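Architecture and fold: a report
Here are the chains, one letter per residue:
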Amino acid sequence: MPLLTAVIVMLLPSKDESTPRQVALMGAMVTAALSIYLLTQFQRGEAGYQFEVQATWVADWGMSWHLGVDGISLFMVVLTAVLYPMSILGARAGHAPKAYYAWMSLLMAASIGAFVSLDLLLFFVFFEIVLVPMYFLIGRWGHGNATYSANKFFLYTMFGSAFMLVGLLSLVFLNSQATGRMTFDLVELTASQAISTDAARWIFASFAIAFAVKVPMFPVHTWLPDAHTDAPVAGSVILAGVLLKLGAYGLIRFGLELFPEAAHWATPVIMTLAVIGIIYGAIVAAMQTDLKRLVAYSSVAHMGFIVLGVFSLTVIGVNGGVLQMLNHGISTPALFLLVGYIYERRHTRDMNELGGLQVKAPVLAGFFMIVMLSSVGLPGLNGFVGEYLSMLGAWQTHRWWAVVAVFGVILAALYLLWGYQRVFHGEPVGDNDTMTDLKLGERGLMAAFVAVIVFLGVYPQPVLDRISPSVERVVVQVERHADYRAPKPPEAPQVADAPQHSGQAGEGEG
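Only a predicted model underlies this, so the values are computations on that prediction, with no experimental measurement involved.

Another aspect to go through is the nonpolar core. Core analysis: the biggest nonpolar cluster contains 174 residues, and Leu 120, Ile 238, Phe 259, Phe 311, Ile 342, Phe 368 and Met 446 have the highest contact counts within it. Counting residues per element, this core draws most heavily on helix α11 (residues 233–256), which supplies 15 residues. If we skip the residues at most four places from it in the chain, Leu 120 touches Leu 168, Leu 171, Phe 184, Leu 186, Leu 189, Phe 207, Phe 254 and Leu 258.

Next up, the structure:
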């Protein structure tokens, strides 16, 4: 559907400025509706893939058009499909709308394609297509040093993808030598586990580099703050909400599942880098004066919690990591939209020039406070649940990593609350005194974000019910093929049956 939308937008007359947005929004909303239908039809309690579609692509090479979703990819598809219409509603192109909305629709198609691909080459194709629309969105519709940021984003991610392509082909050919069958099918390769331990570790490293760049993890994270800072508002929303999740999703699907022994072997290194990213991202975020750059560095820290939970290799930790992928994909895009609203009104993101905005824009300040507290991890909001489960899982297997990561939560409260204080507290002076509040449509959009933030913070069980069976399958895969046993949760205490009374209650009973 989004691919069809992109084609239709490209065929529209170049002089028409309003129709491309309307067509793109309509296509995005239809895709979002289909994703919600997919969510309602998904069968809880099933660990395997559902809604599978498979057709031969290149028979001699074992390539197939193989698509499907499980509990891990389900919410990434829904998140992607829902965020796109919200980003179109929340920010306009500014110029060249036809090309802008065509690129946005193509980006949506490639993102969903990557999350549902169950063929390695098909995944790689979609994974690479994602780079092209985002490159043009940053370079042509961005601000400041947009060309530099777009080039840096493209070169970093292409560098990682080159490693993944080599590893992908190596895996397929080595598996073919061991089994006598050439296949790119993810399900077959996951079940096969036919290559040697040393080869699996090398190939896992090649995949891990590609996904570490996309997450991004320390020290290959430096493209992200520049890309976020100079990207258009909708570009930042999609970058934070969807593209970063491709890296974390890849670490689960093509790391833990495809190379379970190698993933267990590399766990100490990856968790160390994740913890460094948490602390480093928080410290650098606290030193920013650009509000958008502060939110960008907060993403580096929050993505570290996701990787920490995933590589705890516990059911509760991986559950937390997957849930936090969803939570981060809601809270951080909402923050970028709010920063965009501030920039649209004040034409600056410098916190030294902002101040007292809550006097003139109390509704904007209220929404910003709620979303910010979600990012801090306040109990009752969605950010708390994912981070808590991730750290609880890490505590079970890598205690000292979890202890250090806790300080990242404290630092997050420091830089986000301090940033809120500088922007919204005090008396408005100068241009701040002319600040206007959110319009009705903007309020409705932010209310939708807040409703989901509160719902997932209070009652995340419906999401966990759909995630957990697939997560358990991944953990069992690691246990089966590595020298590892996941810690079992303690059993609930047995409650003795209440004493039975017959007849009327005696004296003192009632």
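We are not done yet, so read on.
So, on to the environment of Lys 15. Mapped onto the secondary structure, Lys 15 falls in the loop between α1 (2–10) and α2 (19–41). Judged by relative accessible area, Lys 15 falls into the exposed class, the value being 82%.

Looking now at the pairing of strand β1 (residues 50–58). Alignment of β1 against strand β2 (residues 63–69), held across six bridges, turns out to be antiparallel. Directly across from Gln 50, in β2, lies its bridge partner Val 69. Where β1 hands over to β2, the hairpin turn is made up of four residues, of which Gly 62 adopts a positive phi near 70°.

Closest axis-to-axis distance for the helix α13 (residues 291–310)/helix α18 (residues 399–424) pair is 11 Å, and the angle between their directions is 160°. Judged by the inter-axis angle, α13 sits roughly antiparallel to α18. The handedness of the crossing between α13 and α18 comes out as left-handed. Counted together, Leu 291, Leu 294, Ser 298, Ala 301, His 302, Phe 305 and Leu 308 of α13 and Trp 401, Ala 405, Gly 408, Val 409, Tyr 415, Leu 416, Arg 422 and Val 423 of α18 form the full contact between these two elements. Of the residues in the contact of α13 with α18, the class split is eleven nonpolar, three polar and one charged.

Criteria and cut-off values
- Residues numbered from 1 in each chain as written.
- Predicted model: local features only at pLDDT ≥ 70, side-chain atom pairs only at ≥ 80, totals over all residues.
- Heavy atoms only, no water.
- Core = buried A, V, L, I, M, F, W, Y, C linked by side-chain atoms within 4.5 Å.
- Buried < 20%, exposed > 50% of the residue type's maximum accessible area, 1.4 Å probe, protein only.
- Helix = DSSP H or I, 4+ residues; strand = E, 2+ residues; numbered from the N terminus.
- Contact = heavy atoms within 4.5 Å.
- Pairing = 2+ DSSP bridges.
- Axes fitted to C-alpha atoms, helices over the stretch in contact; angles between N-to-C directions.
- Parallel < 35°, antiparallel > 145°, perpendicular 65-115°, else oblique.
- Left-handed = near helix turned anticlockwise from the far one by under 90°.
- Nonpolar A, V, L, I, M, F, W, Y, C, P; charged D, E, K, R; others polar.

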